Amino acid sequence: MRRLTGKAKEETLIELQSTTDSQMTDGPAVLTAFRINLHSDESSGNGISSLSEGTHLPGHSETEGLKPNRDTVFFRDGVRRIDFVLSYVDDKDEKKQERRKAFEANLEKTGLELETEDKSESKDQKTYFLKIHAPWDVLATYADVLNIKVPFKESDMQHGQDVHLNWLSCPFRLPDHIMHPQTDYFTYPFDKNKVDFFLINDKETFFPPSTRNRIVFYILARVPYYSEGRMDREKTGIKRLLSNGTYTAAFPLHDCRYWKKAKNTKCESERFNLYSHWAGFLSFYKEQPLNLIRKYYGEKIGIYFAWLGFYTEMLFFAAVMGVICFIYGLLSYGDNKSSKEICDQNIGGSIVMCPLCDKKCPFWTLNSTCLSSWQSHLFDNEGTIFFAIFMGIWVTLFLEFWKRRQARLEYEWDLVDFEEEQQQLQIRPEFEIKCTNRRKNKITQEMEPYLPVTSKCARFIFSGTTVILWVSLIVACIIGVIAYRLAVYAAFASIIKDPLRKIQLVGRFITPQLATSVTASCINFVIIMILNFLYERVAIWITDMEIPKTHLEYENRLTIKMFLFQFVNYYSSCFYVAFFKGKFVGYPGKYSYMFGNMTKLRNEECDPGGCLIELTTQLVIVMAGKQLWGNIQEALLPLMRNWWSSRKGRHNPVNHYSRWEQDYVLLNFSQIGLFYEYLEMVIQFGFITLFVASFPLAPLLALCNNILEIRVDAWKFTTQFRRPVASKARNIGAWQEILNAVAILSVVTNAFIMAFTSDMIPRMVYLYAYSKEASMSGYINNSLSVYSISQIHPDNMPEDYWHDNSTTTCRYRDYRYPPGHEKQYTHTMQFWHILAAKMAFIIIMEHVVFVVKFFVAWLIPDVPSDVKARIKRERYLIQEYLHKYEVERLKLQLSASFITEPQSETSLTPDKHEVVSECS
């Protein structure tokens, strides 16, 4: 094992590049490496040539015209590939030096080869870089341990496709070498003892860089940093060394600059290809090179982009239907008789409405809500019902077709049998370190760490209590926002006090309800962002405290905690407007108050046109605000951070700015980095499914955002982040179950929105049961109840009540008997008819959608038939080829033993004669 150091006294390595050649050609750089050994005891027997001081370099008479090129992914010898890089700053801390010395010595014992770049070679003159190379023996050993699948036979089956429209998809396709960077093979888990069974042409390139860095990181995470003879289980792994500052970074290298191909032909320049064909926004209409993404970043990141791309494709159909529904609302604008009656000066202008709040709110005329009633019709019309039913079916189609796409990727990316490997082989180092108890595994019969039941229960109880506490904090904040809405409404309503004409108008077009809703939504959005920022750290802390056994278990637990919190945080305000606002108001003689009559905070009422337009406002502000803020965070913040950290290095010449330094200044992509990407998209999925009945254009907004999101994420990965450690994932994990739960819940929420938030059901009941002319004429008058002004309690009356003997009653939104009736102010029979119709609609819509959902789920198989055939074909070939291999191997062993036995017998005689002759 040789360790090379940039400025070591024992040896000096000069890596040179011909300036003349580099100027005259764009081809690969010509590198020549020579070692000058200064110790005579090392100048022989080690296979390293030495040069005298006067020896000239071959083909050159002088070295002054040559400059070093350090933009490479190889060791100084130009042969061994750099699989991982560790960086550290030597701050004269003896403990850190001892840790590094012990850790690096243990790395060498595992077979890894190390090479150090001195701090004098770095741009800040402070940072050392330790380059790590895994030779074939190490890769083969750990590929066997990790059951990494490798090719043993080229595939003889054609790829099946769900849709055969090649001529139509040509403009959206990428070049074949980008879409399929590797030949399709049948694969089998690597076995070190059966190397000749596999298709190995070159051992140096047999394992791709993503597999190599995955193996090296597996070693780094488990190698201790205590000296030989000492035993301290907690002193293990690169993660602890990073946390205590012994090393400042640990990362695999990108293979080249993203804007320029590597000069060395051994470099694949896959990063350049990804940037050119995938990360550019002008490629937004092109398909994603999923196989290249998987090859470069690993299956886990590949499956995320596959899911995001498929989700965006399916959003196109939902967006088209939403636009059609919205256009229908525009075209039927002129047929909206309810809005015409509200805006009519003789009808809406003559209806005096009861005050909407105590003291500050005056009586007002119905035609002041003319504009909002027209706006409501755009989203609250007959087409909305069909769109809500369509979205319930669309969700099912999306999830079922994704299962098929996922099954295909599982096979093509060798993930079919990965679940068991994930559980058995991907145990977290933190679990191995912190769990000191050992017990025998019933399956493997080996001792393994475990967490006692008592400790596990205590940790779960503490974790659950913490989550409940934070969810309660969100509920408290939402209650505070509701109290704000109630208090500020009176302020908006009292700005203009004209009793009949311009009353209830803030500015020219904004009503107090709309102004209150917009400001409350903005405040709620700010609270959401603040709570998100705080809770993310709490969720990670309590998940770490639970000590999950595997990486998959860790991510699933964190996913459940974060989504539960985000669900309440983002959707609670929308649930309030959809299902609570305007439902518990009371009536003028008996209003309901928040926290009782003492608070004087009267519950909010909906517009005469319903609360749907307010739900739309709430949804647009929270959803669009989140997407805008998310894109700013994802695009601008990484760019600014990297610019700040690399501002000094950019002044260095290109050849002097090494590949490891270029990657060092980039942002680190954490192990749970994809978690936030999934969370963002699943929250968006909730917005476009749970409340889509209130805003049919939500899928269109989501589609536009996701087209940008794919390219922003691609740009981040290729330009702003260090290369992540490749990791495997069979599917999208716990997010699949969350999507299923949201899909089921969306059917219920949309049914209730159409029944209780929309004004559709009351209009239908009036049209078919109460209208004398079978039209909507008179609906507004029918939907408003009458109350005697003289019976209003003084505490509910406006402070500057104007006395008009001609006006003795006011109207309010409800179905109650008028004053003077024997059942005055109690609910009319129409109220109960409408309630029955609402419940019937909910039951019918839910059953229809659920029946269609389950039928579609049953009809569409989760695994395509051609994938099933390929899996069976591969398993058959594995058995057949293994059998032939073992038979041939046995024949060779038998023939070898048959040949060597006679030779061994005859070879004994000469030896004996030789011994006798020597003795004589």
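Residue numbers run consecutively from 1 along every chain, following the written order of its sequence. Since the coordinates come from a predicted model, pLDDT governs what is reported: local features require at least 70, and pairs of side-chain atoms require 80 or more to be given and counted, while whole-chain, interface and lining totals use all residues. Working from all heavy atoms in the structure, the side-chain values ignore hydrogens and water.

## Concerning the pairing of strand 5 (residues 84–89)
Burial classes follow relative accessibility: with a 1.4 Å probe on protein chains only, a residue under 20% of its type's maximum area counts as buried, one over 50% as exposed, and anything between as partly exposed. Going along the chain from the N terminus, every DSSP run of H or I of four or more residues is numbered as a helix, and every run of E of two or more is numbered as a strand. Within strand 5, 5 of the 6 residues are buried, which leaves it mostly tucked inside the rest of the structure. Here strand 5 pairs with strand 7 (residues 127–133) via 6 bridges, running antiparallel. When the bridges of strand 7 are listed, Val89 appears paired with Thr127. What makes two strands pair is DSSP finding at least two bridges between them.

## What about the state of the cysteines?
The rule for a disulfide is simple: a pair of cysteine sulfur atoms within 2.5 Å. Evaluation of the coordinates by the stated rule reveals 2 disulfides. Paired through a disulfide, Cys354 and Cys810 show a sulfur-sulfur distance of 1.9 Å. Note on the Cys354 and Cys810 pair: the S-S dihedral is about 80°, so by sign convention the disulfide is right-handed. You can see Cys354 sitting in the loop between strand 11 (352–353) and strand 12 (364–365) and its partner Cys810 sitting in strand 18 (residues 809–813), a full 456 residues away along the chain. Owing to a relative accessible area of 4%, Cys354 belongs among the buried residues under this scheme. Residue classification places Cys810 among the buried positions, given a relative accessible area of 0%.

## Digging into the nonpolar core
Buried residues of nine kinds, namely Ala, Val, Leu, Ile, Met, Phe, Trp, Tyr and Cys, make up a nonpolar core once their side-chain atoms join them within 4.5 Å. Of all hydrophobic cores here, the largest spans 144 residues; its most connected members are Trp307, Tyr311 and Trp394. The contact criterion used is simple: two residues touch if any of their non-hydrogen atoms lie within 4.5 Å. Not counting residues up to four positions away in its chain, the partners in contact with Trp394 are Tyr311, Met314, Leu315, Ala318, Phe685, Ile688 and Thr689. By size, the runner-up hydrophobic cluster in this structure holds 46 residues, among which are Leu130, Tyr142, Phe152 and Val223.

## Details of the packing of helix 14 (residues 382–412) against helix 22 (residues 673–690)
Running from amino to carboxyl end, helix 14 crosses helix 22 at an angle of 145°, the nearest separation of the two axes being 10 Å. Residues Met391, Trp394, Val395 and Phe398 of helix 14 lie in contact with helix 22, whose contacting residues are Phe685, Ile688 and Thr689. Within the contact of helix 14 with helix 22, the residues separate by chemical class into 6 nonpolar, 1 polar and no charged. Angles here are taken between N-to-C directions and fall from 0 to 180 degrees, while the axes themselves are lines fitted to C-alpha atoms, restricted in helices to the stretch in contact. Throughout, the ten residues Ala, Val, Leu, Ile, Met, Phe, Trp, Tyr, Cys and Pro are labelled nonpolar, Asp, Glu, Lys and Arg are labelled charged, and all others, Gly among them, are labelled polar.

## Brief notes about the pattern of salt bridges
Salt bridge, as used here: a side-chain nitrogen of Lys or Arg that lies within 4 Å of a carboxyl oxygen of Asp or Glu. Here the structure, examined in full by the defined rule, presents 37 salt bridges. A salt bridge links Glu614 to Arg485; the shortest N-O distance between them is 3.3 Å. One end of the pair, Glu614, is in helix 20 (residues 612–645); the other, Arg485, is in helix 17 (residues 453–493), with 129 residues separating them in the sequence. The two residues Glu614 and Arg485 agree in class, both being buried. We note a salt bridge from Arg763 to Asp759, for which the minimum N-O separation is 3.9 Å. Residue classification places Asp759 among the buried residues on the basis of a relative accessible area of 5%. Ionic contacts of the salt-bridge type, sharing partners, join the residues Asp71, Arg257, Arg659 and Asp663 into one network.

## With respect to the environment of Phe186
Within the secondary structure, Phe186 sits in strand 9 (residues 185–189). Note: C-alpha distance between Phe186 and Lys153 (33 residues apart in sequence) is 5.3 Å.

## Some words on the environment of Glu412
Note that Glu412 resides in helix 14. Among the residues examined, Glu412 registers a relative accessible area of 22% and is labelled partly exposed.

## What to know about helix 7 (residues 209–220)
Three- or four-residue spacings in an α-helix give side chains the same orientation, since the helix completes a turn every 3.6 residues. The first and last C-alpha atoms of helix 7 sit 16 Å apart over 12 residues, in line with the 16 Å expected at 1.5 Å per residue. Here helix 7 lies mainly inside the structure; 11 of its 12 residues are buried. Those residues of helix 7 lying buried are Pro209, Ser210, Thr211, Arg212, Asn213, Arg214, Ile215, Val216, Tyr218, Ile219 and Leu220. To estimate the expected span of a helix, subtract one from its residue number and multiply by 1.5 Å.

## Section: the packing of helix 9 (residues 270–279) against helix 23 (residues 698–720)
Closest axis-to-axis distance for the helix 9/helix 23 pair is 10 Å, and the angle between their directions is 165°. On the basis of their axis angle, the class for helix 9 and helix 23 is roughly antiparallel. Classified by chirality, the crossing of helix 23 by helix 9 is left-handed. Together, Arg271, Leu274, Tyr275, Trp278 and Ala279 of helix 9 and Ile710, Arg711, Ala714, Trp715, Thr718 and Thr719 of helix 23 make up the contact between the two elements. With respect to orientation, any angle under 35 degrees is reported as roughly parallel, any angle over 145 as roughly antiparallel, any angle of 65 to 115 as roughly perpendicular, and every other angle as oblique. Two helices that cross are described as forming a left-handed crossing if the nearer one is turned anticlockwise from the farther one by less than a right angle, and a right-handed crossing if clockwise.

## So, the pairing of strand 17 (residues 784–788)
Along strand 17, 4 of the 5 residues are buried, which leaves the element largely enclosed by surrounding structure. Bridge analysis of strand 17 against strand 18 gives 5 bridges, and the strand direction is antiparallel. Bridge pairing in strand 18 links Ser785 to Tyr812.

All we've got here are geometric facts, nothing functional implied.
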